[in-house]
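Summary of the model geometry
Residue-level listing of the chains:
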Amino acid sequence: MAAGSARRFGSDKLSATFEGEPLVHHAIRTACAAPVDKVLVAARPDLDLSQWQAPEGAPPVTILRVESQALSTTLKAGVAALGDVDALFVFLGDMPRVPSEEAAHLARILADNFAALPRHGGKPGHPVLLSARALADVPTLTGDAGAGQILRGRADVVFHETQDPAVRLDIDRPEDLARLKHEAED
């Protein structure tokens, strides 16, 4: 099978079960473990989040329903809903293995930089920590490329080098989820 012809998930991807719960629950839990005051989950209207249970002591979680699945539209809606914030972590719902401690590393290195990201094997990963300056550029985003559009080529983006490949592990196809489940069983 050619790489471009692999079967992709439909709109139910974030509801796919991994370790007994929907993929998106893993991302929300990791966001709750970040050094944040609140968590905003931007989700399409048909994503069922009724079973989500916040961990004890977690920051408040708000669900924002967004019609579009384009990353730029979702990010713009989230930034607008949050209003004036010092910085914003971006976690993706299809990345269930992002290490919870990664956000703290990024918070420590952001300082006066535009953004901070983890990097594994020379490639950027998630979560992404956007400064207030970066958030001002979010309204210019278009399409399904997310914040990468405003981060590429900037000298004031800092990286936390990590040996954990999970910062790059996203679940785009049913085969990705099957492989992850198989690895979790080993």
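Before any of the text, the structure's been laid out above.
All figures in this text were calculated on a predicted structure; none of them were measured in a lab.

1. Some details on the environment of Arg 119
Mapped onto the secondary structure, Arg 119 falls in strand β6 (residues 115-120). You can call Arg 119 partly exposed: its relative accessible area is 24%. C-alpha separation for the pair Arg 119 and Thr 142, spaced 23 residues apart in sequence, amounts to 24 Å. Not counting residues up to four positions away in its chain, the partners in contact with Arg 119 are Pro 124, Phe 159, His 160, Glu 161 and Thr 162. Side chain to side chain, Arg 119 and Glu 161 meet in a polar contact 2.5 Å long.

2. What about the packing of aromatic side chains?
Counted by the stated rule, this structure contains 1 aromatic pair. Over the ring of Phe 159 we find Arg 119, and its NZ or CZ is 3.9 Å from the ring centre. Over the aromatic face of Phe 114 sits the side chain of Arg 154, whose NZ or CZ is 3.5 Å from the ring centroid.

3. Examining helix α3 (residues 102-110)
For α3, the set of buried residues is Glu 102, Ala 103, Leu 106 and Leu 110. One face of α3 carries all of its buried residues, which in axial projection span an arc of 95 degrees. Where α3 is buried, its residues meet β5 (87-90), β6, β8 (128-131) and β9 (157-161). Immediately downstream of α3, the backbone of Ala 111 shows phi near 45 degrees, a positive value.

4. Examining the environment of Asp 137
Along the polypeptide, Asp 137 turns up in helix α4 (residues 132-137). Excluding its chain neighbours within four sequence positions, the residues that come into contact with Asp 137 are Phe 114, Ile 150 and Arg 154.

Conventions adopted
- Residues numbered from 1 in each chain as written.
- Predicted model: local features only at pLDDT ≥ 70, side-chain atom pairs only at ≥ 80, totals over all residues.
- Heavy atoms only, no water.
- Helix = DSSP H or I, 4+ residues; strand = E, 2+ residues; numbered from the N terminus.
- Buried < 20%, exposed > 50% of the residue type's maximum accessible area, 1.4 Å probe, protein only.
- Contact = heavy atoms within 4.5 Å.
- Polar contact = N/O pair within 3.5 Å; in protein donor to acceptor, adjacent residues only side chain to side chain.
- Phe/Tyr/Trp six-rings, centres within 6.5 Å; stacked < 30°, edge-to-face > 60°.
- Lys NZ or Arg CZ within 6 Å of the ring centre and 35° of its normal.
- Arc of directions from axis to C-beta.

These figures come from the coordinates and say nothing about function on their own.
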